[in-house]
Amino acid sequence: MDIRVKLQVLGIRYTYSQAQVGAYALVLGEEGGIRRVRIIIGTPEAQSIALQLENLIPPRPLTHDLFCTFARAFNIQLLEVYIKKFEEGMFYSELLFDDGINQIRIDSRTSDAIALALRAKCPIYITEAIMNQVGEVFEEDLPQEENVSDKEEIEEYNLEDLYNRLQEAINSEDYETASSIRDEIKRRENKNK
């Protein structure tokens, strides 16, 4: 049996590669260690993961939310996500489900598996062999890159306007803007304590 390494989701970054326009890098870190794994994912999965990381609730359930609600309704529990293979630049994962009687493993895209794991609050594992192959040590964990003009624009609004703009951003599924606005709201609320 392969040695497993437990991972935690550290964040998501937009990739600036011309070969992968509109792609994001999902960064996972080894729990209690310094190695990191970057997985390139698409925009819909990145938005779904970012929403969960930022504790933002969309006005209507996304596919991953719907799937988790369905599983809970039928007493099916997601026990773990296992990144089991890395081949030709692609990660392969499986989900382990339990319905109280049977346990079953189902193949999944890694980005979907992680979006579900965050919602189900289940562990994410990778093989030690894959970690040794693709793991890297970053100088810094996800440095915050801010668009100065966006930050200046956000700072011009009062708190009530920020709450309204936050809701508008969520409703229009502009989760990057919503995240920036949410951070500004938190900053102001902490400043006023």
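In case you missed it, the structure is sitting above this.
Just so it is clear, the model here is predicted, and its values are computed rather than measured.

Caption draft 1: Representation of the pattern of salt bridges. Overall, the coordinates contain 14 salt bridges when judged by the stated rule. Across the salt bridge formed by E45 and R109, the nearest N and O atoms sit 2.4 Å from each other. Residue E45 is found in helix α1 (residues 43-53), and its partner R109 is found in strand β6 (residues 103-109); the two are separated by 64 residues along the sequence. Given a relative accessible area of 10%, E45 falls into the buried group. The partly exposed category is assigned to R109, whose relative accessible area is 48%. D65 serves as the salt-bridge partner of R119, at 2.6 Å between the closest nitrogen and oxygen. Residue R119 is located in helix α3 (residues 110-120), and its partner D65 is located in helix α2 (residues 63-73); the two are separated by 54 residues in the primary sequence.

Caption draft 2: The environment of S179, seen in detail. As for its placement among the helices and strands, S179 is situated in helix α7 (residues 175-191). For S179, a relative accessible area of 14% translates into the label buried. Distance in space between the C-alpha atoms of S179 and L53 is 9.9 Å, their sequence separation being 126 residues. Excluding anything up to four places from it in sequence, S179 contacts E54 and L56.

Caption draft 3: Spotlight on the packing of aromatic side chains. Taken as a whole and judged by the stated rule, the model has three aromatic pairs. Between F67 and F97, the ring centres sit 6.0 Å apart and the planes meet at 55 degrees, which makes this aromatic pair tilted. A residue pair is termed long-range when its members are at least 10 positions apart, and F67 in helix α2 and F97 in strand β5 (residues 90-98) qualify at 30 residues. Between F70 and F74, the aromatic rings sit 4.9 Å apart at their centres with planes inclined by 45 degrees, giving tilted as the arrangement. Sitting over the face of the ring of Y82, R4 holds its NZ or CZ atom 3.9 Å from the ring centroid. Sitting over the ring of Y92, K85 keeps its end group 4.5 Å from the ring centre.

Caption draft 4: Spatial organisation of the packing of α1 against α3. Put simply, α1 and α3 touch, their axes get as near as 9 Å, and they point 20 degrees apart. In terms of orientation, α1 and α3 fall into the roughly parallel class. As α1 runs across α3, the sense of the crossing is left-handed. Counted together, E45, S48, I49, Q52 and L53 of α1 and S111, D112, I114, A115, L118 and R119 of α3 form the full contact between these two elements.

Rules of the game
- Residues numbered from 1 in each chain as written.
- Predicted model: local features only at pLDDT ≥ 70, side-chain atom pairs only at ≥ 80, totals over all residues.
- Heavy atoms only, no water.
- Salt bridge = Lys/Arg side-chain N within 4 Å of Asp/Glu carboxyl O.
- Helix = DSSP H or I, 4+ residues; strand = E, 2+ residues; numbered from the N terminus.
- Buried < 20%, exposed > 50% of the residue type's maximum accessible area, 1.4 Å probe, protein only.
- Contact = heavy atoms within 4.5 Å.
- Phe/Tyr/Trp six-rings, centres within 6.5 Å; stacked < 30°, edge-to-face > 60°.
- Lys NZ or Arg CZ within 6 Å of the ring centre and 35° of its normal.
- Axes fitted to C-alpha atoms, helices over the stretch in contact; angles between N-to-C directions.
- Parallel < 35°, antiparallel > 145°, perpendicular 65-115°, else oblique.
- Left-handed = near helix turned anticlockwise from the far one by under 90°.

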